[in-house]
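Residues per chain, in single letters:
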Amino acid sequence: MGIFARLATLIKSNLNDLISRSEDPEKMLNQVVIDMSNQLIEAKKQVAVSIADEKRLAKQAEQEAANAAEWERRAMLAIKAGDDNLAKEALARKKEHDQLAASYKDQWTKQKQAVEQLKTALRLLNNKIEEAKRKKNVLIARKKRAEAQKAIQETLSGLNNASAFETFDRMSAKIDQIEAEAEAAGELQEQYSGDTLAHRFGQLEATAGAEDDLLALKRKMGVAPPEPPKEVAPAQVRVAGPAPAPPTQAEQDELAAALAELEAEEQREQARMKR
């Protein structure tokens, strides 16, 4: 093999490798289906032409048979007229048309068989194309699923990279430093502005009464000693004064009416409770 032949082989192999690597399965499958559909269209045209030829041959056979019948009728007419020579010529012409009719019929029979074979092949081709379309959809779905899985695996492999976690740790430490600096700045601001004491008193006021509430709850639950009794203030000695004046008759009547109304109200309340 010469140097140019080896060079051509090397270039061709490299080109084929590049084409193989650059092929998109989805585009290739779509193109294959398009090509097969175009072939189906052409096949349908060829079958249509064959069917037309079959019908033409059938009509020609029928026409020749009709011509033969017509010359036979003419021969019979010549015989009736007593002209045998004319009858012989008519029969000779009839024979020609019989031969043509037989030839056309033979061709029509063969064409009809060919058309039936073409129709069967056309149906098979159509079934193959439909099957190819279904396989194409399945293969494209598999291709997309594989691409999605590949993308997920690539993403996971990127997350498994140590540099990614180191970046998170570095950013976390940086945020901790910022928070610590902010807290330190706040403490310094309180120290130099005199707000520390006010803050402490604010916390004391916010928690005031919490101990008393806790002790009261414990006493209610029985887990703390009861509250000691309060000291009773000594009774004040009243100095006897002059005796009050006796009530008047009007005051006595008003007091009696109030007592009667109070008793009636108690009776109504008792009756309501009994119901």
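The following paragraphs examine the structure supplied in this document. Not measured: the values here are computed from a predicted model.

What follows concerns the side chain of Lys-94. Positionally, Lys-94 belongs in helix H3 (residues 84-159). Take Lys-94: its relative accessible area is 18%, and that puts it in the buried class. At a separation of 2.8 Å, a polar atom in the side chain of Lys-94 contacts the side chain of Asp-98. Setting aside chain neighbours within four positions, we find Lys-94 in contact with Ala-68, Trp-71 and Glu-72.

The biggest cluster of nonpolar side chains holds 6 residues, and these are Met-36, Leu-40, Ala-43, Val-47, Leu-122 and Ile-129. Elements with a minimum of two residues in this core: helix H2 (25-80) and H3. Broken down by element, the residue count for this core peaks at 4 residues, all from H2. Leu-122 has contacts with Leu-40, Ala-43, Lys-44 and Val-47, leaving out every residue within four places of it along the chain. Trp-71, Ala-78, Ala-87 and Ala-90 belong to the second largest nonpolar core, which has 5 residues in total.

Moving on to the packing of aromatic side chains. Counted under the stated rule, the structure contains 0 aromatic pairs. Across the ring face of Trp-71, the terminal group of Arg-74 is positioned such that the distance to the ring centre comes to 4.5 Å.

With that out of the way, let us pick up the pattern of salt bridges. Under the definition given, this model contains 8 salt bridges. A salt bridge links Glu-130 to Lys-133; the nearest nitrogen and oxygen atoms lie 3.9 Å apart. Remark: Lys-133 and Glu-130 occur in helix H3; sequence separation between them is 3 residues, near one turn of the helix. Judged by relative accessible area, Glu-130 falls into the partly exposed class, the value being 33%. For Lys-133, a relative accessible area of 32% translates into the label partly exposed. Put simply, Glu-131 and Lys-135 hold a salt bridge, and the shortest N to O gap is 3.4 Å. Residue Glu-131 and its partner Lys-135 are located together in helix H3, separated by 4 residues, close to a single helical turn. Owing to a relative accessible area of 48%, Lys-135 belongs among the partly exposed residues under this scheme. Overlapping salt bridges, with partners in common, bring together Glu-70, Arg-73 and Arg-74 in one network.

Calculation notes
Residues numbered from 1 in each chain as written. Predicted model: local features only at pLDDT ≥ 70, side-chain atom pairs only at ≥ 80, totals over all residues. Heavy atoms only, no water. Helix = DSSP H or I, 4+ residues; strand = E, 2+ residues; numbered from the N terminus. Buried < 20%, exposed > 50% of the residue type's maximum accessible area, 1.4 Å probe, protein only. Polar contact = N/O pair within 3.5 Å; in protein donor to acceptor, adjacent residues only side chain to side chain. Contact = heavy atoms within 4.5 Å. Core = buried A, V, L, I, M, F, W, Y, C linked by side-chain atoms within 4.5 Å. Phe/Tyr/Trp six-rings, centres within 6.5 Å; stacked < 30°, edge-to-face > 60°. Lys NZ or Arg CZ within 6 Å of the ring centre and 35° of its normal. Salt bridge = Lys/Arg side-chain N within 4 Å of Asp/Glu carboxyl O.

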